[in-house]
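What follows is each chain in one-letter form.
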Amino acid sequence: MNVSVIGLGYIGLPTAILLAKSGKKVLGVDIDKEYLLKINNNNIISKEENLNKYLGEVIENKSLRTQNQIERSDVFIIVVPTPVDKENKPNTSYVHDVLIELASILEEENLVIIESTCPVGTTKKFSEILFEKRPDLLGKLYVAYCPERVIPGNIFKELIENDRIVGGINKNSSLVAMSFYKTFVSGEIHITDSTTAELCKLTENASRDAQIAFANEISIICEKVNVNPRELINLANKHPRVNILNPGVGVGGHCIAVDPWFLVSDFENETKLISTVRETNIN
C-alpha cells in the first residue's frame, strides 16, 4: 500500500513514521525544503520519545521518503495546519489548496483522509469541490475525516492505542477508512459521518477548555478567601459524581486554546458559554 502524508508537522511526521513501520510505502510531503533535508538526515530536534530512532530506521530501509510535491498514491492523509487569524476565524485554505492539487492525480478507489482540525461541514464542502473538478470520480473515491487525539511527548503510543473516530462522506468511505486505520491502530475505531467526526474533535477540546476554566475560577475564589484550591478540589472530588481538574495558568498545547474558536466562529449565537470559557482561560 502506498500512502502519502501531506504535512509533516508534530502529527504528520510521527504518523508517516508509524505507517512506514507498519509495512507501508510512505511518501511524506511538505513545502519546507530545508525541513525535508533535516528529516532525511535525521536531524530533527524533538522531545517526542523514539522519534529519531524510528525515523532513522524508516529512512534507512527506504519505507519512508520525502519530497515537496504530491504524487499518485493509494491513500492520502492531509495533516496541514488550520490556524485561526487575529479575529479567531479558522483558516482552512491549506486543506483546500491540497485538495485542489490532489484533484488532478486522484484515481478510482483512492482514499482521502483529512486529519487537520476543521470547522463543521468542511469535509463535505471540500469533497463537493473535489467532485466538481473530477466528476468522473463521483461514487468511486473514498473521502473521510479522522481527527487525531494525541498528546505531544506520547504520540507514537497514542496513535496506536487511542480510539479513533472515522467519519466518511458516505458509508463506504467510512468503512474503507476504518479498514485502513485497523492496519496500525489497536484502539477501537468508531464509525460515524464526517460532520459528526469534525464536531467530535471540537467538542472534546471545548469540553476540556471549560473544565480547566472552572478549576481556574475556583482557584481565584480560593485566593480571595485564603483557601488552598488543591485541598478544596481534592475534597470536592470525594463526591462520587464530581471530578474537578487542578487549576493552572490557562491552557497549553496545540489544540485546546484554538479549537473552541472553530465553534464560536460558525455558531456565535449558540456558543456564549464556550466563548466565555475561552476568555476566562486567556485571562
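Report on the accompanying structure. Predicted model only: the values in this text are computed from it and were never measured.

### Focus: the overall build of the protein chain
Link 1 in the chain: Per the secondary structure count, the protein chain includes eleven helices and eight strands.
Link 2 in the chain: Its C-alpha atoms give the protein chain a radius of gyration of 21 Å, within 12% of the compact-globule value 19 Å for 283 residues.
Link 3 in the chain: Considered along the principal axes of its C-alpha atoms, the protein chain spans approximately 65 × 45 × 35 Å.
Link 4 in the chain: Counting across all 283 residues of the protein chain, residues that qualify as buried make up 46%.
Link 5 in the chain: Within the protein chain, residue pairs in contact and separated by at least 24 positions form 71% of the contacts whose partners lie at least 6 positions apart.
Link 6 in the chain: Surface accessibility of the protein chain: about 14,700 Å² in total, with carbon and sulfur atoms responsible for 51%.
Link 7 in the chain: In the protein chain, 30 positive and 37 negative side-chain charges are present, and the distance between their average locations comes to 3 Å.

### Quick notes on the side chain of Glu148
Link 1 in the chain: Looking at where Glu148 falls in the secondary structure, it is placed in the loop between strand S6 (142-145) and helix H6 (155-161).
Link 2 in the chain: At 3.1 Å, the side chain of Glu148 and the backbone nitrogen of Val150 are in polar contact.
Link 3 in the chain: Excluding its chain neighbours within four sequence positions, the residues that come into contact with Glu148 are Tyr10, Ile11, Glu115, Arg164, Lys201 and Cys255.

### Describing helix H4 (residues 93-103)
Link 1 in the chain: Considered for burial, the residues of H4 that qualify are Val95, Val98, Leu99, Leu102 and Ala103. One side of H4 holds all its buried residues, which, seen down the axis, span an arc of 140°.
Link 2 in the chain: Looking at the packing, one finds that the buried side of H4 touches strand S1 (2-6), strand S4 (75-78), strand S5 (111-114) and helix H5 (122-133).

### Brief notes about the packing of aromatic side chains
Within a pair of aromatic rings, the relevant descriptors are the distance that separates the centres and the angle that separates the planes.
Link 1 in the chain: In the structure shown here, the tally under the stated rule is four aromatic pairs.
Link 2 in the chain: Taking the centre distance of 5.1 Å and the plane angle of 90° together, the rings of Tyr54 and Phe156 count as edge-to-face. Here Tyr54, found in helix H3 (residues 51-60), pairs with Phe156, found in helix H6; they are 102 residues apart in sequence, far enough to count as distant.
Link 3 in the chain: Summarising the aromatic geometry, the rings of Tyr181 and Phe184 are spaced 5.6 Å apart at their centres and angled 45° between planes, so their arrangement reads as tilted. For the pair formed by Tyr181 and Phe184, the shared burial category is buried.
Link 4 in the chain: Joined through ring pairs, the aromatic side chains of Phe180, Tyr181 and Phe184 make up one cluster.

### Notes on the side chain of Ser173
Link 1 in the chain: Within the secondary structure, Ser173 is located in helix H7 (residues 171-181).
Link 2 in the chain: Beyond its immediate stretch of four places on either side in the chain, Ser173 contacts Leu141, Tyr142, Val143, Ala144 and Gly168.

### Details of the nonpolar core
Link 1 in the chain: Grouped together as the largest cluster of nonpolar side chains are 39 residues, with contacts concentrated most on Ile17, Phe180 and Tyr181.
Link 2 in the chain: Contacts of Ile17, omitting those with residues within four sequence positions, involve Leu51, Tyr54, Leu55, Val58, Leu64 and Phe156.
Link 3 in the chain: Counting 27 residues, the second-largest nonpolar core is a separate cluster that includes Leu99, Ile105, Phe131 and Leu137.

### Some details on the sheet that holds strand S2 (residues 25-29)
Either a parallel or an antiparallel arrangement is found when strands of a sheet pair, and the pairing is made through backbone hydrogen bonds.
Link 1 in the chain: Reading across the sheet, the eight strands line up as S3-S2-S1-S4-S5-S6-S7-S8 and stay open at both edges, with mixed pairing between neighbours. The open sheet is flanked by strand S3 (64-67) and strand S8 (189-193), the only strands paired with a single partner. Looking at each pair of strands side by side, their axes are set apart by 25° on average, direction ignored.
Link 2 in the chain: Note that strand S7 (residues 164-168) and S8 share five bridges and pair parallel. Looking at the pairing, Gly168 lines up with Asp193 of S8.

### Regarding the pattern of salt bridges
Link 1 in the chain: Enumeration according to the criterion identifies ten salt bridges in this entry.
Link 2 in the chain: As a salt-bridge pair, Glu148 and Lys201 come within 3.2 Å of each other at their nearest N and O atoms. Of this pair, Glu148 sits in the loop between S6 and H6 while Lys201 sits in helix H8 (residues 194-224); the two residues are 53 residues apart in sequence, bridging distant segments of the chain. Grouping residues by exposure puts Glu148 and Lys201 together as buried.
Link 3 in the chain: Between Arg149 and Glu204 there is a salt bridge, with the nearest N and O atoms lying 2.0 Å from each other. Residue Arg149 is found in the loop between S6 and H6, and its partner Glu204 is found in helix H8; the two are separated by 55 residues along the sequence.
Link 4 in the chain: Taking relative accessible area as the criterion, Glu204 reaches 24% and is therefore assigned partly exposed.

What counts, and at which threshold
Sequence positions are assigned chain by chain, starting from 1 and proceeding in written order. Only residues with pLDDT of at least 70 get local features here, since the model is predicted, and only at 80 or more are side-chain atom pairs given and counted; chain-wide, interface and lining totals rely on the full set of residues. To obtain the side-chain values, all non-hydrogen atoms of the structure were included, while hydrogens and water were left out. Put simply, DSSP H or I for four residues or longer makes a helix, DSSP E for two residues or longer makes a strand, and each gets a number counted from the N terminus. In this description the radius of gyration comes from C-alpha coordinates, and the expected globular size is given by 2.2 Å times residues to the power 0.38. Here's how the labels work: a residue is buried when its accessible area is under 20% of the maximum for its type, exposed when over 50%, partly exposed in between, all with a 1.4 Å probe on protein chains only. Residue contacts are counted whenever heavy atoms from the two residues lie within 4.5 Å of one another. Shrake-Rupley sampling with a 1.4 Å probe provides the accessible areas, and residues are treated as covered by the protein chains on show and by no other component. None of His or the chain ends enter the tally, which takes Lys and Arg as positive and Asp and Glu as negative. By convention, the point assigned to a charge is CZ for Arg, NZ for Lys, CD for Glu and CG for Asp. Any pair of N or O atoms that falls within 3.5 Å is considered a polar contact. Within protein, one atom must be able to donate a hydrogen and the other to accept it, and sequence-neighbouring residues count only if both atoms are side-chain atoms. An arc is given here, and it is the one of the directions from the helix axis to the C-beta atoms. Stacked, edge-to-face and tilted are the three classes for Phe, Tyr and Trp ring pairs, Trp counted by its six-membered ring, which pair at centre distances within 6.5 Å; planes under 30 degrees apart are stacked, over 60 edge-to-face, the rest tilted. Joining through side-chain atoms within 4.5 Å is the link that ties buried Ala, Val, Leu, Ile, Met, Phe, Trp, Tyr and Cys residues into a set, and such a set is a nonpolar core. Following DSSP output, two strands are said to pair if at least two bridges run between them. An axis is simply a line fitted to the C-alpha atoms; with a helix, the fit covers only the stretch in contact. Between two such axes, the angle follows the N-to-C directions and lies from 0 to 180 degrees. Salt bridges are counted wherever a side-chain nitrogen of Lys or Arg sits within 4 Å of a carboxyl oxygen of Asp or Glu.

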